[in-house]
Amino acid sequence: MSEVEEFEELRPLLFSIAYRILGSVAEAEDAVQETWLRFAASSTRPASTKAYLSAAVTRISIDVLRSARVRREEYVGPWFPEPLLNDPYQDPARAVELADSVSMAALLLLERLSPLERAVFVLREVFGFGFDEVASAVGRSQAACRQLLVRARRHMEDGRPRFEADRQERQELAARFFDALQDGDMGGLQELLAADVQLVGDGGGKAPQFARAVVGAQNVARLLTAVIPRLARLDVSVEPHEINGQPGAVYRDRDGKVLQTVVLDILDGRIQTIRSVLNPDKLGHMGPVADAWALDRELRRTPR
């Protein structure tokens, strides 16, 4: 194969590595593009193109993550990863690891790790790279990488999320949830929510968002049934969609522009957490983005 063909064949893997390290679709795509530029500029062909490109995208992602940490510390309100509609990399042998690692909850746990711990965990635990390949990618000895992995596993296990294993059951519960929302059925909604459910929004100071998390089935149901049916009267549409491997939906305004995404954490037949991403900077990869502030002003003028 030519260099271009080799690279394009590995692009899904490279993006998936970068996204899990960075939690950003845009930054992951940039990291993959920078990897191509380095590969194309190299005067020699590597013995293993996969190993070479995986190492390159990992190093680039680590550098980006280190600079991004400063920005995230100054972020307004809760920070969530950019929503991912479809993971381009598929590997039946590692399907469970890939699905678990891309969920919003898992990516938020990865934020607890140092950039090196995160990279080692992603390469070894998620993608199954050998320690020799991991060591080459992060520029550390194999012994050091084993220690980094031990620490990373400890942090991840302390808060590892557990979700409903049956995908069909999750999708059915999510469908009932969005139906109850559209109908303004507060009682039906409450039945689907865990007693201590949390509703959290990421607007980044660039879109309307809650001042803090809304907690409790009654509080969450009351707020949602007060807002969502009124949005429907403003021709806001809801598209059920799997997001980051979890049941969710994409909300669009009357012109089809993306308003927000919503993701549901489901466990024991109840919704445990509802996460919405409204920050327009995190939605641009999905298409034109709606003016959430203008819609909020219109909503406030809409009768309850």
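Since the structure is predicted, the reported quantities are computational estimates derived from the model, not experimental observations. (Residues numbered from 1 in each chain as written. Predicted model: local features only at pLDDT ≥ 70, side-chain atom pairs only at ≥ 80, totals over all residues. Heavy atoms only, no water.)

1. Focus on the overall build of the chain
- Broken down by element type, the chain carries 12 helices and six strands.
- Scaling as 2.2 N^0.38, a compact globule of 304 residues should have a C-alpha radius of gyration of about 19 Å, and the chain matches this with 21 Å.
- On the principal axes, the C-alpha backbone points of the chain span a range of 65 × 35 × 35 Å.
- Out of the 304 residues belonging to the chain, those deemed buried represent 50%.
- Sequence separation of at least 24 residues holds for 67% of the intrachain contacts in the chain that already meet a minimum separation of 6.
- Here the chain displays about 14300 Å² of accessible surface, and carbon together with sulfur accounts for 48% of that area.
- With 39 positive and 45 negative side-chain charges, the chain shows a spacing of 5 Å between the two charge centroids. (Helix = DSSP H or I, 4+ residues; strand = E, 2+ residues; numbered from the N terminus. Rg over C-alpha atoms; globule rule 2.2 N^0.38 Å. Buried < 20%, exposed > 50% of the residue type's maximum accessible area, 1.4 Å probe, protein only. Contact = heavy atoms within 4.5 Å. Areas by Shrake-Rupley, 256 points an atom, 1.4 Å probe, with all protein chains shown as cover. Lys, Arg positive; Asp, Glu negative; His and termini not counted. Charge placed at Lys NZ, Arg CZ, Asp CG, Glu CD.)

2. Overview of unusual backbone geometry
- Unlike most non-glycine residues, D235 shows phi in positive territory, near 65°.
- Note that D235 resides in the loop between helix 11 (217–233) and strand 3 (237–243).
- A positive phi is found at D268, a non-glycine position, where the angle reads about 55°.
- Within the fold, D268 resides in the loop between strand 5 (258–267) and strand 6 (270–277).
- Look at D268 and you get exposed, because its relative accessible area is 59%.

3. A few points about the packing of helix 2 (residues 25–41) against helix 3 (residues 49–73)
- Close contact between helix 2 and helix 3 brings their axes to 9 Å; oriented N to C, the two are set at 135°. As the angle between them shows, helix 2 and helix 3 are arranged oblique. By crossing handedness, the relation of helix 2 to helix 3 is classed as right-handed. Residues E27, A31, V32, E34, T35, R38 and F39 of helix 2 form the contact with helix 3, whose own contacting residues are T49, Y52, L53, A56, V57, I60, S61, V64, A68, R71 and R72.
- Within the contact of helix 2 with helix 3, the residues separate by chemical class into 10 nonpolar, three polar and five charged. (Axes fitted to C-alpha atoms, helices over the stretch in contact; angles between N-to-C directions. Parallel < 35°, antiparallel > 145°, perpendicular 65-115°, else oblique. Left-handed = near helix turned anticlockwise from the far one by under 90°. Nonpolar A, V, L, I, M, F, W, Y, C, P; charged D, E, K, R; others polar.)

4. Side note on helix 8 (residues 142–159)
- Taking 1.5 Å as the rise per residue, helix 8 with 18 residues should run 26 Å; its terminal C-alpha atoms sit 26 Å apart, in good agreement.
- Where helix 8 is buried, its residues meet helix 5 (104–110), helix 6 (115–126) and helix 7 (131–138). (Expected span 1.5 Å × (residues − 1).)

5. Re the nonpolar core
- Core analysis: the biggest nonpolar cluster contains 48 residues, and I17, Y19, F121 and F127 have the highest contact counts within it.
- Of all the secondary-structure elements, those providing two or more residues to this core are helix 1 (3–22), helix 2, helix 3, helix 4 (95–102), helix 5, helix 6, helix 7 and helix 8.
- The dominant element in this core, judged by the number of residues it contributes, is helix 1, at 10 residues.
- When residues no more than four places from it in sequence are discounted, the contact partners of I17 are S54, V57, T58, V122, L123, F127 and F129.
- L173, L181, L199 and I266 belong to the second largest nonpolar core, which has 34 residues in total. (Core = buried A, V, L, I, M, F, W, Y, C linked by side-chain atoms within 4.5 Å.)

6. Some thoughts on helix 11
- The end-to-end C-alpha distance of helix 11 is 24 Å, a good match for the 24 Å that 17 residues give at a rise of 1.5 Å each.
- Inspection of helix 11 places A217, V220, A221, L224, T225, I228, P229, R230 and L231 among the buried residues, and these make up the whole buried set.
- D235 occupies a position one or two residues after helix 11 and carries a positive phi of about 65°.

7. With respect to the sheet that holds strand 5
- Spatially, six strands are ordered 2-1-6-5-4-3 in an open sheet, and the strand pairing comes out mixed. In this open sheet, the two strands that pair with only one neighbour each are strand 2 (214–215) and strand 3.
- Inspection of the sheet shows strand 3 paired to strand 4 (residues 246–252) by seven bridges, in the antiparallel sense. Note on strand 4: the bridge partner recorded for P240 is A249.
- Lying on the sheet, helix 11 is in contact with strand 1 (193–202), strand 2, strand 4 and strand 6; it crosses strand 1 at an angle near 50°. (Pairing = 2+ DSSP bridges.)

8. Focus on the side chain of R118
- With respect to the helices, strands and loops of the structure, R118 is situated in helix 6.
- Contact partners of R118, with chain neighbours within four places excluded, come to R20, I21, L22, G23, L65, R69, R72, L107, L110, E111 and L113.

9. Observations regarding the pairing of strand 1
- Of all the 10 residues making up strand 1, seven are buried; the element is thus mostly covered by neighbouring parts of the structure.
- The sheet contact formed by strand 1 and strand 6 spans six bridges and is parallel. In the sheet register, Q198 faces strand 6, and the bridge partner there is T273.
- Bridge analysis of strand 1 against strand 2 gives two bridges, and the strand direction is antiparallel. Counterpart to L199 in the pairing with strand 2 is V214.

10. What about the confidence of the model for the chain?
- When pLDDT is averaged along the chain, the result is 93, and 98% of the positions lie at 70 or above.
- Least confident of the elements in the chain is helix 4, whose mean pLDDT is 90; most confident is helix 6, at 97. (pLDDT = per-residue confidence, 0-100.)

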